[in-house]
Amino acid sequence: MKNKRIAIALGHDALGTTLPEQQQATKRAARTVADLVQDDCEIVITHSNGPQVGMIHTAMSEFHRLYKNYTATPMAVCSAMSQGYIGYDLQQAIRSELVGRGVFRTVSTLLTQVTVDPYDDAFYHPTKIIGRVMDADEAEEEEKKGNHVTPVDGGFRRIVAAPTPMEIVEIDAINALMDADQIVIAAGGGGIPVLQQGKRLKGASAVIEKDLIAGLLADGVNADRLIILTDVECVYKSYGTDKQEPIHMMSCCQAEQYIADGEFGEGNMQPKIQTAVNFIGESDTRSVLITRLDTIREAIQGQTGTVIRR
């Protein structure tokens, strides 16, 4: 009998914001991963990079502003930097936790590219705000470069597209590492969005939604279960209202009906539920668990969290 394959999607709440917060948060995540490894699970991890990639982009933009001889850093490169930055802390924390338990397992962070469609409607309607606040003159300069800006309190900020991911370029490498009994950290921050241009891949000025890439990654490694870690203990109907009601078990049909009824927030829980439905598809064996990092042990034991099956 093959070991169970688990894909884990860490939200920004499981990573912290500052460097010290991230180092502490990754230690907590490492304990969860180690528990699953000791249960003989094969693990692939993807993660958010919301505050981290924004900080990197802001820092590199400011460096370019102060030192004109240095080239501005493309968004795709900032995404690659965030993968290495977060992956480094994660793999260090997981390795240390496993060694402390007497388990010796290689942990690898894989720089991961994800193809997107150059004609995706998202490129014509960018929505993701990034970078520092600019004044009107700086915003005008950005637009002359072909970038998009939007008004915010105190000035303007740059906005980029969030296209739908198509394929994970390094999926074969991810599977090969997992087949070799390694714990893999991949497609961090949604992956580096790239456009296919002949024989080469060109970085796109965009970001990819972490929930969408989590489902694509889980499907690509043929995972048995996708665990989505977020900021709530379980999924709720009518969340944030006096009619709030927890949902601990849900079929895909029920999930689709809840989406149609507008039960979930479009910018937070709905993408996670849709990802779950897409990942499970017609499978009778795949499942999705949604919970918080600090309640994952109880959720795996069926005491809390939300489980979605076909």
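Residues numbered from 1 in each chain as written. Predicted model: local features only at pLDDT ≥ 70, side-chain atom pairs only at ≥ 80, totals over all residues. Heavy atoms only, no water.

**A look at helix H8 (residues 269-280)**
Taking 1.5 Å as the rise per residue, H8 with 12 residues should run 16 Å; its terminal C-alpha atoms sit 17 Å apart, in good agreement. Restricting attention to buried positions, one finds in H8 the residues Met 269, Lys 272, Ile 273, Thr 275, Ala 276, Val 277, Phe 279 and Ile 280. Among the residues trailing H8, Gly 281 stands out with phi positive, at a value near 55°. (Helix = DSSP H or I, 4+ residues; strand = E, 2+ residues; numbered from the N terminus. Expected span 1.5 Å × (residues − 1). Buried < 20%, exposed > 50% of the residue type's maximum accessible area, 1.4 Å probe, protein only.)

**Considerations on the sheet that holds strand S3 (residues 107-110)**
The 8 strands lie next to each other as S3-S9-S2-S1-S12-S16-S17-S15, forming an open sheet whose pairing is mixed. The sheet terminates laterally at S3 and strand S15 (249-251), the two strands that pair on one side only. In this sheet, adjacent strand axes meet at a mean angle of 20° when their direction is disregarded. Bridge analysis of strand S1 (residues 5-10) against strand S12 (residues 225-230) gives 5 bridges, and the strand direction is parallel. Bridging across to S12, Leu 10 finds its partner in Leu 229. Packing of helix H3 (residues 75-100) onto the sheet brings it into contact with S1, strand S2 (42-47), S3 and strand S9 (183-186), and relative to S3 it is tilted by some 170°. Set on the sheet, helix H7 (residues 252-260) makes contact with S15 and strand S17 (306-309); between it and S15 the angle comes to about 90°. (Pairing = 2+ DSSP bridges. Axes fitted to C-alpha atoms, helices over the stretch in contact; angles between N-to-C directions. Contact = heavy atoms within 4.5 Å.)

**Describing the nonpolar core**
Counting residues in hydrophobic clusters, the biggest one holds 47 residues, and the most contacted among them are Ile 174, Met 250, Phe 264, Ile 273, Val 288 and Ile 308. Counting residues per element, this core draws most heavily on H8, which supplies 6 residues. Leu 10, Val 33, Ile 43 and Ala 299 belong to the second largest nonpolar core, which has 30 residues in total. (Core = buried A, V, L, I, M, F, W, Y, C linked by side-chain atoms within 4.5 Å.)

**With respect to the pattern of salt bridges**
Pairs may arise between side chains of opposite charge once their charged atoms sit close together. Under the defined criterion, the tally for this structure stands at 15 salt bridges. Close ionic contact of Arg 297 with Asp 35 constitutes a salt bridge, the shortest N to O distance being 2.9 Å. Taken together, the positions of Arg 297 in helix H9 (residues 296-300) and Asp 35 in helix H1 (residues 19-38) put the pair 262 residues apart, joining distant regions of the chain. For Asp 35, a relative accessible area of 21% corresponds to the partly exposed category. Between Lys 128 and Glu 209 there is a salt bridge; the shortest N-O distance is 2.8 Å. Highlighted residues: Lys 128 in strand S5 (residues 128-134) and Glu 209 in the loop between strand S11 (200-203) and helix H6 (210-220), separated in sequence by 81 residues. The structure contains a network of salt bridges with shared partners spanning Asp 35, Glu 97, Arg 101 and Arg 297. (Salt bridge = Lys/Arg side-chain N within 4 Å of Asp/Glu carboxyl O.)

**Considerations on the confidence of the model for the protein**
Per-residue pLDDT for the protein has a mean of 91; in total, 99% of the residues score no lower than 70. Within the protein, S5 has the poorest average pLDDT of any element, 82, and S9 the best, 98. (pLDDT = per-residue confidence, 0-100.)

**Brief notes about the sheet that holds strand S6 (residues 148-152)**
Pairing within the open sheet is antiparallel, and its 3 strands lie in the order S5-S7-S6. Edge positions in the sheet fall to S5 and S6, since each of these pairs with one other strand and no more. Averaged over all pairs of adjacent strands, the angle between their axes in this sheet comes to 35°, without regard to strand direction. Across 4 bridges, S5 lies against strand S7 (residues 155-160) in antiparallel orientation. Bridge pairing in S7 links Ile 129 to Ile 159. Strands S5 and S7 of the sheet are contacted by helix H2 (residues 50-66), whose axis makes an angle of about 40° with S5.

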